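Listed here are the chains, written in short residue letters.
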Amino acid sequence: MSFNFRALALTAVSACAMLAGTALEARTLNIAMTPPEESHYGAAAKAFKEKIEELSGGEITVEIKANGVLGGEREILEGMQIGSIEMGVTSTGPVGGFVPSTYVLDLPFLFKDYDNARAILDGEIGQELLNDFEPVGIMALGWAENGFRYVTNSKKPIATPDDLKDMKIRTMENDIHLGSFTALGAAPLPMSWNEVITALQQGTIDGQETPMSIFIANRIWEVQKYATLTGHFYSPSLIMMSKVHWDQLSEEEQGWVREAAAAGVAANRAYVENDEKRGLEMLRANGMEVIETVDQEAFAEAVSAVYDVFTSTYGSETLEKIRAAQR
């Protein structure tokens with residue numbers, strides 16, 4: 001029997017190359033988001049990328065997929081579940097449909113301020129909620145944020161709930177947000193962020209509600225005239241990874257991912273803080289009328305029934321923990 005050693009060697013080299021290519025592909029992580037790369041989400045992704053590439057010596061690389069190129073937030077979550085998207089940064093907007101325990105964070109006027117919100121999410125309560133993601137195929141790695149949410153519109157100044165009557169306001173795809181704006185007398189329309197700017201330009205909706213960082217990243221002054229600092233929701237966001245891809249990492253690599261996610265959270269929060277400081281000046285400099293004096297008690301009273309609906313469906317245990325934990 002004779003062997004073609006040259007052919008055998010070429011086959012071995014080819015096989016090794018294929019394996020190397022597979023390994024390289026498995027270690028390139030796409031991180032998806034709907035805002036532009038120059039945003040608070042982009043800050044999280046860039047910090048994650050820098051840290052994971054440093055810790056891994058370049059063995060793990062990251063591609064940032066911004067502007068919704070891999071879909072809206074619901075599509076990003078679904079993609080992570082099946083493994084077609086490795087990582088994502090999203091708001092909690094559609095998350096409750098996957099992890100119902102997180103709905104508590106969407107309740108209106110829940111947190112007193114940024115310090116309380118961050119302390120609670122970084123503590124035991126936040127970790128318990130992060131743990132609820134793994135059974136649905138997603139590893140939730142840390143609580144970043146969008147910040148407190150404000151209302152903009154193209155029709156008139158808003159200072160009281162009555163001013164919102166019948167106004168078509170885009171909300172996230174979230175039952176609590178929809179219920180809150182319905183209680184305020186508005187006509188809320190759930191919509192993926194990818195569609196919002198066009199809908200505002202075309203007059204399909206009158207206004208929207210997002211945090212200051214979203215205003216700035218999307219130059220909201222180009223499509224809206226009035227901004228009202230209601231602060232009606234504190235909006236967390238999440239840095240997440242597909243469990244399909246998480247399970248392919250070694251224990252050491254998983255540690256790198258967690259450390260990089262912590263760097264992403266810190267960068268995101270710093271970006272949000274800066275946007276809050278410069279935001280009012282930017283809005284006014286670009287021609288928007290900003291209403292800072294708001295009857296917040298009237299807004300909170302108008303949406304109080306949302307709490308009854310929430311507790312009757314999901315119970316009050318986590319809600320009471322959050323209330324008790326605030327300083």
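Structure: see above.
Residues numbered from 1 in each chain as written. Predicted model: local features only at pLDDT ≥ 70, side-chain atom pairs only at ≥ 80, totals over all residues. Heavy atoms only, no water.

Student: Which residues make up the nonpolar core, and what values go with them?
Tutor: If you look at the biggest cluster of nonpolar residues, it comprises 69 residues, and the most contacted ones within it are Leu 107, Phe 111, Leu 164 and Leu 283. Of the residues forming this core, the biggest block, six residues, is contributed by strand S4 (residues 138-153). In this structure, Leu 107 is in contact with Ile 176, Phe 233, Val 306, Tyr 307, Phe 310 and Leu 319, ignoring residues within four places of it in sequence. Within the second largest apolar cluster, 25 residues are counted, among which are Ile 52, Ile 239, Ala 261 and Val 265. (Core = buried A, V, L, I, M, F, W, Y, C linked by side-chain atoms within 4.5 Å. Buried < 20%, exposed > 50% of the residue type's maximum accessible area, 1.4 Å probe, protein only. Helix = DSSP H or I, 4+ residues; strand = E, 2+ residues; numbered from the N terminus. Contact = heavy atoms within 4.5 Å.)

Student: Requested: an account of empty space enclosed by the protein, with residues and values cited.
Tutor: In this approach the atoms are scanned with a rolling probe the size of a water molecule, which exposes any empty space left behind. Evaluated as defined, the whole model comprises one cavity of 30 Å³ or more. The volume enclosed by the largest cavity comes to roughly 210 Å³. Along its surface, the largest cavity is lined by 20 residues, and Glu 73, Ser 91, Arg 170, Met 172 and Trp 193 are the ones closest to its centre. Secondary structure elements with two or more residues in the lining of the largest cavity: helix H3 (73-82), S4 and strand S7 (207-211). Here the residues of the lining of the largest cavity sort into eight nonpolar, seven polar and five charged. (1 Å grid on protein atoms, 1.4 Å probe; cavity = no way out; pocket = protein on both sides within 12 Å on 5 of 7 lines; lining within 4 Å. Points joined across faces, edges and corners; volume = space filled by probe spheres on them. Nonpolar A, V, L, I, M, F, W, Y, C, P; charged D, E, K, R; others polar.)

Student: Hey, could you go over the layout of surface pockets for me, with residue numbers and the actual values?
Tutor: Within this model, the largest pocket holds a volume of roughly 290 Å³. Considering the residues around the largest pocket, the lining is formed by 19 residues, among which Gln 127, Leu 130, Ala 140, Leu 141 and Gly 142 are closest to the centre. Those elements that place two or more of their residues in the lining of the largest pocket are helix H5 (124-131), S4 and helix H10 (251-285). Element by element, the count of residues in the lining of the largest pocket is highest for S4, at six residues. Residue classes in the lining of the largest pocket are distributed as 10 nonpolar, five polar and four charged.

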